[in-house]
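What follows is each chain in one-letter form.
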Amino acid sequence: MDTRYDNPLIKQRLEKAEGMREEGLNPYPNDFRPAHTAAKIRKDMEGLTSEEIEAKGKRYSVAGRIISMRVMGKNTFLKLRDRSGDIQLFVQRDVIGRELYGKFKKYDMGDFLGAKGTAFITKTGELSVKAKSIYMLSKSLRPLPEKFHGLTDKETRYRQRYVDLAINPDVQSTFITRTKVVAFIRKYFQSKDFLEVETPMLQTIPGGATAKPFETFHNALSVKMYLRIAPELYLKRLLVGGMERVFEINRNFRNEGLSNQHNPEFTMLEFYQAYATYEDMMAHTEALFSKMAKELTGGYRISYQGEEIDFTPKFNRLTMQEAVERYSRGELSVEDTEDEAKLLAFANKLGIADAAKMSWGKLLAEVFETVAEPHLIQPTFITQYPVDVSPLSRRNEKDPRFTDRFEFYIAGREIANGFSELNDPVDQLERFKAQSAECDKGDEEAHWIDEDYVRALEYGMPPAGGEGIGIDRTVMIFTDAPSIRDVIFFPHMRPERTEG
RNA sequence: GGGCCGUUAGCUCAAUGGUAGAGCAAGUGACUCUUAAUCACUAGGUUCGGGGUUCGAGCCCCUGACGGCUCACCA
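What you are looking at is a predicted structure, and each value in this text was computed from that prediction instead of being measured. (Residues numbered from 1 in each chain as written. Chains lettered and ligands numbered in written order. Predicted model: local features only at pLDDT ≥ 70, side-chain atom pairs only at ≥ 80, totals over all residues. Heavy atoms only, no water.)

1. Focus on the overall build of chain A
1) Next: When its secondary structure is counted, chain A shows 17 helices and 18 strands.
2) Next: Reported as C-alpha extents along the three principal axes, the dimensions of chain A are approximately 90 × 55 × 50 Å.
3) Next: Per-residue burial for chain A yields a buried fraction of 49% across its 500 residues.
4) Next: Restricting to contacts in chain A with at least 6 residues of sequence separation, those with at least 24 account for 65%.
5) Next: Of the roughly 25,400 Å² that chain A leaves accessible, carbon and sulfur atoms contribute 49%.
6) Next: Computed over 72 positive and 78 negative side-chain charges, the separation of the two mean positions in chain A equals 10 Å. (Helix = DSSP H or I, 4+ residues; strand = E, 2+ residues; numbered from the N terminus. Buried < 20%, exposed > 50% of the residue type's maximum accessible area, 1.4 Å probe, protein only. Contact = heavy atoms within 4.5 Å. Areas by Shrake-Rupley, 256 points an atom, 1.4 Å probe, with all protein chains shown as cover. Lys, Arg positive; Asp, Glu negative; His and termini not counted. Charge placed at Lys NZ, Arg CZ, Asp CG, Glu CD.)

2. Let's talk about a nonpolar patch on the surface
1) Next: Judged by side-chain polarity, Tyr162, Phe489 and Phe490 come together as a nonpolar surface patch covering roughly 360 Å² of accessible area.
2) Next: Looking at the secondary structure, you find Phe490 in the segment after α17 (471–479).
3) Next: Relative accessible area serves as the criterion here: at 53%, Phe490 is assigned to the exposed category. (Patch = residues over 30% accessible without salt bridge, like charges linked within 9 Å, V, L, I, M, F, W, Y side chains within 5 Å. Salt bridge = Lys/Arg side-chain N within 4 Å of Asp/Glu carboxyl O.)

3. Things to note about the protein's contact with RNA strand B
1) Next: The full set close to RNA strand B counts 51 residues, and Arg70, Asp94, Thr124, Lys147 and His262 are the nearest of them.
2) Next: The protein-proximal atoms of RNA strand B, defined as those within 4 Å of the protein, are 60% sugar or phosphate.
3) Next: Arg473 places a side-chain nitrogen or oxygen 2.3 Å from a sugar or linking oxygen of RNA strand B.
4) Next: Of all the elements in the fold, those that place two or more residues in the surface near RNA strand B are α1 (8–22), β1 (59–72), β2 (75–82), β3 (85–92) and α6 (154–159).
5) Next: Tallying contributions element by element places α6 first for the surface near RNA strand B, with 4 residues.
6) Next: Across the surface near RNA strand B, the residue classes break down as 14 nonpolar, 16 polar and 21 charged. (Near = heavy atom within 4 Å. Polar contact = N/O pair within 3.5 Å; in protein donor to acceptor, adjacent residues only side chain to side chain. Nonpolar A, V, L, I, M, F, W, Y, C, P; charged D, E, K, R; others polar.)

4. Focus on the sheet that holds strand β10 (residues 245–253)
1) Next: Read across the open sheet, the 8 strands follow the order β6-β10-β11-β18-β17-β16-β15-β14; overall the sheet is mixed. The sheet terminates laterally at β6 (195–196) and β14 (316–319), the two strands that pair on one side only.
2) Next: Examined bridge by bridge, β14 and strand β15 (residues 380–386) share 4 bridges and lie parallel to one another. Each residue of the ladder has a partner; that of Leu318, found in β15, is Ile382.
3) Next: Sitting on the sheet, helix α11 (residues 320–327) touches β14, β15 and β16 (402–410), and the angle it makes with β14 is about 100°. (Pairing = 2+ DSSP bridges. Axes fitted to C-alpha atoms, helices over the stretch in contact; angles between N-to-C directions.)

5. Considering the environment of Ala464
1) Next: Take Ala464: it is sitting in strand β18 (residues 464–470).
2) Next: Residue classification places Ala464 among the buried positions, given a relative accessible area of 3%.
3) Next: With 219 residues separating them along the chain, Ala464 and Arg245 place their C-alpha atoms 9.3 Å apart.
4) Next: Setting aside its immediate chain neighbours within four residues, Ala464 contacts Leu239, Gln273, Ala274, Tyr275, Ala276, Phe419, Ser420 and Glu421.

6. Digging into the domain arrangement of chain A
1) Next: The domain boundaries assigned to chain A delineate domain 1 (7–144) and domain 2 (169–315 + 378–486).
2) Next: Taking only C-alpha atoms, the centre of domain 1 and the centre of domain 2 are 48 Å apart. (Domains from an automatic or database assignment.)

7. As for helix α9 (residues 232–240)
1) Next: Where α9 is concerned, the buried positions are Glu232, Leu233, Leu235, Lys236, Arg237 and Leu239.
2) Next: Positive phi shows up at Gly242, right after α9, with a value of about 100°.

8. Concerning the pattern of salt bridges
1) Next: Enumeration over the complete set of coordinates arrives at 39 salt bridges.
2) Next: Between Asp336 and Lys342 there is a salt bridge, with the nearest N and O atoms lying 3.2 Å from each other.
3) Next: Here the residues in one salt-bridge network are Arg13, Lys16, Asp108, Asp111 and Lys139, joined through shared partners.

9. Digging into the nonpolar core
1) Next: Formed by 42 residues in total, the largest nonpolar core has its most connected members in Ile185, Phe189, Leu269, Phe289, Phe311, Phe408 and Ile410.
2) Next: Contributions of two or more residues to this core are made by α8 (169–191), β10, β11 (265–274), α10 (278–297), β12 (301–304), β16, β17 (413–420) and α17.
3) Next: Element by element, the count of residues in this core is highest for α10, at 8 residues.
4) Next: When sequence neighbours within four positions are dropped, the list of residues in contact with Phe189 reads Phe194, Phe247, Leu269, Phe271 and Leu288.
5) Next: Grouped together as the second largest cluster of nonpolar side chains are 26 residues, Ile87, Ile96, Tyr107 and Leu113 included. (Core = buried A, V, L, I, M, F, W, Y, C linked by side-chain atoms within 4.5 Å.)

10. Regarding the sheet that holds strand β9 (residues 223–227)
1) Next: Here 3 strands make up an open sheet; going across it, the order is β7-β9-β8 and the pairing antiparallel. In this open sheet, the two strands that pair with only one neighbour each are β7 (202–203) and β8 (215–218).
2) Next: Both β8 and β9 contribute to a ladder of 4 bridges, which runs antiparallel. Bridge assignment links Thr216 to a residue of β9, and that residue is Met225.

11. Brief notes about the side chain of Thr76
1) Next: Looking at the secondary structure, you find Thr76 in strand β2.
2) Next: Owing to a relative accessible area of 0%, Thr76 belongs among the buried residues under this scheme.
3) Next: In contact with Thr76, not counting residues within four places along its chain, are Met69, Arg70, Val71, Leu89, Phe90, Val91, Tyr101 and Phe104.

12. Overview of the pairing of β18
1) Next: A large share of β18 lies buried, amounting to 7 of its 7 residues.
2) Next: Burial along β18 is two-sided: Ala464, Gly466, Gly468 and Gly470 and Gly465, Glu467 and Ile469, pointing in opposite directions, are all buried.
3) Next: Across 5 bridges, β17 lies against β18 in antiparallel orientation. Residue pairing across strands places Asn417 opposite Gly468, the latter belonging to β18.

13. Observations regarding the packing of aromatic side chains
1) Next: Counted according to the given criterion, the structure contains 25 aromatic pairs.
2) Next: Look at Phe289 and Phe311: their rings are 6.1 Å apart centre to centre, the planes differ by 20°, and that puts the pair in the stacked class. With Phe289 in helix α10 and Phe311 in the loop between β13 (307–310) and β14, this pair connects stretches of sequence that are 22 residues apart. In this structure, Phe289 and Phe311 share a single accessibility class: buried.
3) Next: Among the aromatic residues, ring-to-ring pairing joins Phe289, Phe311, Phe315, Phe381, Phe406, Phe408 and Phe478 into one connected group.
4) Next: In this arrangement the basic side chain of Lys130 is found over the ring face of Phe120, its NZ or CZ atom lying 4.7 Å from the centre.
5) Next: It is Arg237 that lies over the ring of Tyr234; its NZ or CZ is 4.5 Å from the centre. (Phe/Tyr/Trp six-rings, centres within 6.5 Å; stacked < 30°, edge-to-face > 60°. Lys NZ or Arg CZ within 6 Å of the ring centre and 35° of its normal.)

See the structure below:
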C-alpha cells in the first residue's frame, strides 16, 4: 500500500504539479539550458561597483535548486544553488507579469528553477540576478529540511545522502576534496612512469591480505568466488610479466566489523615498482603526502580533529622496537623486546588477550599496536616488522627475524603499508604453508596458499617495492572528517525497512 | 559481538506518571531591497514496533527494529 501521499506536505506539492499540468505546463520540462553558473557571475562582477555592474547589462541564464525564498509582496528574493554555489535571484511582479508572478509565489523550496536576467547589487550589498523570465524545471514533492539547522540526524544524512548533499554545503566540498585526492595520486604516479591497471575483483583465492572475504558464486563456471580483499597478488603477477611500474585505485571488500575507520568496501591505492625497495616506497609516500597537502591546502600543516598535522618532509621514522621503547616511556626498552619473557610479561600487563599463545614477532606487533599506535599523530613511518606478521614481505638481510616493511601512520591510524616484495618462490611457498597451518589452527584470516602465485614467482619476479595506501582514511585526514562514513557517499548500513 | 546513549510534526528540539508543545517549513492574508525577513491567522502527531505495570504511560518495566558513540576485530 502506498501511503506516501498521506503526508499533506507532499500532497500539496503534488497538487501544485498537477495544477501545472492542467494549465498545460510541464512540471518536469527539459528544455532550459543555463549558460552560466553562480560562480561565473560572481567572477564576472568581482570588484565592480553597483553602477559598473548595471552598466554592463550582461544577460545571464542560470539554473538551480531553490534553497530559500522570501516573498515580500510584489518582490521576491530567493536563493538558487547550482554546482558552483549560490546566487540570489530577485523576482518582481511588474517585470515578469502579474499572472506568472502569482504562480511563481507558490513555488516551493527544493524546486529546480531556471532564470534569465541581468546582474545587480541589492541595497544590502548582495550580488543578485534580476529575473526577466523564470522557468520551473523540476517540481520537488518532498519538503527539504529546515534552512537554519539543516539536516543533522546522522542516520538520515547517510541513508539519504542526496538530501545531505543538497543542503549541507560542507558535504559537497568533502567529496570534491576526495576527487582531488584521487586525481592528484593519479597525476603523481603517471608522472613517475607508472601505468594504471585493473585486476580482478572476483577471485577464487582471496589473497594479498589477512581478512575475511565476502563469498559469492559464479553460476556458469559453477565455482565459488570471493570479492577481493586486496589486488596485491595480481599486481605482482604483472611485475612477473614485465610491467615494471603499475598502480591500481579500486575497491577492496572485507567481511568484518564496521567502525569509524572501517567500511566493508573501501578504496585502496596499491603500487608496485621493480628494482625498488621499501625505502623507495617511503620516499614516494613522503613526496605524495607532502605535495598533496601543499596542493590541497597551500601549506604543509593541516588541522585534523583539533590536532595540527605537519606534512613538512622529512617524516618521522622509528623501528617498531624503538616505538615500543619510546611510547612505553622506557618501560620496555629495545633490548627488553628481544627478551621473550619480558615481552610476554609486558603484554600481559597491557591485557593483550592470548598473549601466551603468540610467537615473539606477533607479540611484538601486538604490544606495538597497543602502546605506540595511538600516539603516532604526526606522519610517521614504522619500520622493521616481524616476519611472522608479514607473509608477503622480503626478509631483512641482516636480521632474518624482520622484514623490510613499514607502515605509515597519521593521527594514530594506519594509513599505508609497504615493503620490499618477497620474490623468492621457495620462501614464499614456505610462508604460505606456515599461514595455512595457522588456518588449520582456526585462524580464519590466515593467508591461503595461492599455487598459481607461487608458480608466477618461479618464473621470476624482478626485485620490487610495493605499497598500499588507504584512500578513504587519507581523505578523512584532508577533510577533517571524524568518520569514514563522512568520506563515502553511501556508507553501508542495515536496510531501513525490515519487511518479511 | 559487548557496553552506554538515542528514536516525539517534513526538519531542529521541548514536555515531575496527569489534555503532547515551540521555532523553522506548510496553508491563507498583509508587505516593492530581503539575508534564519517581518506581522496576523490556520492546519499539522499510531511519541520507532510489540507486550506489560498503572485509574492514567512520550516518560516506568520487558522485548524487538534502526542508529550514534565506544570496546573488541581489522586497513
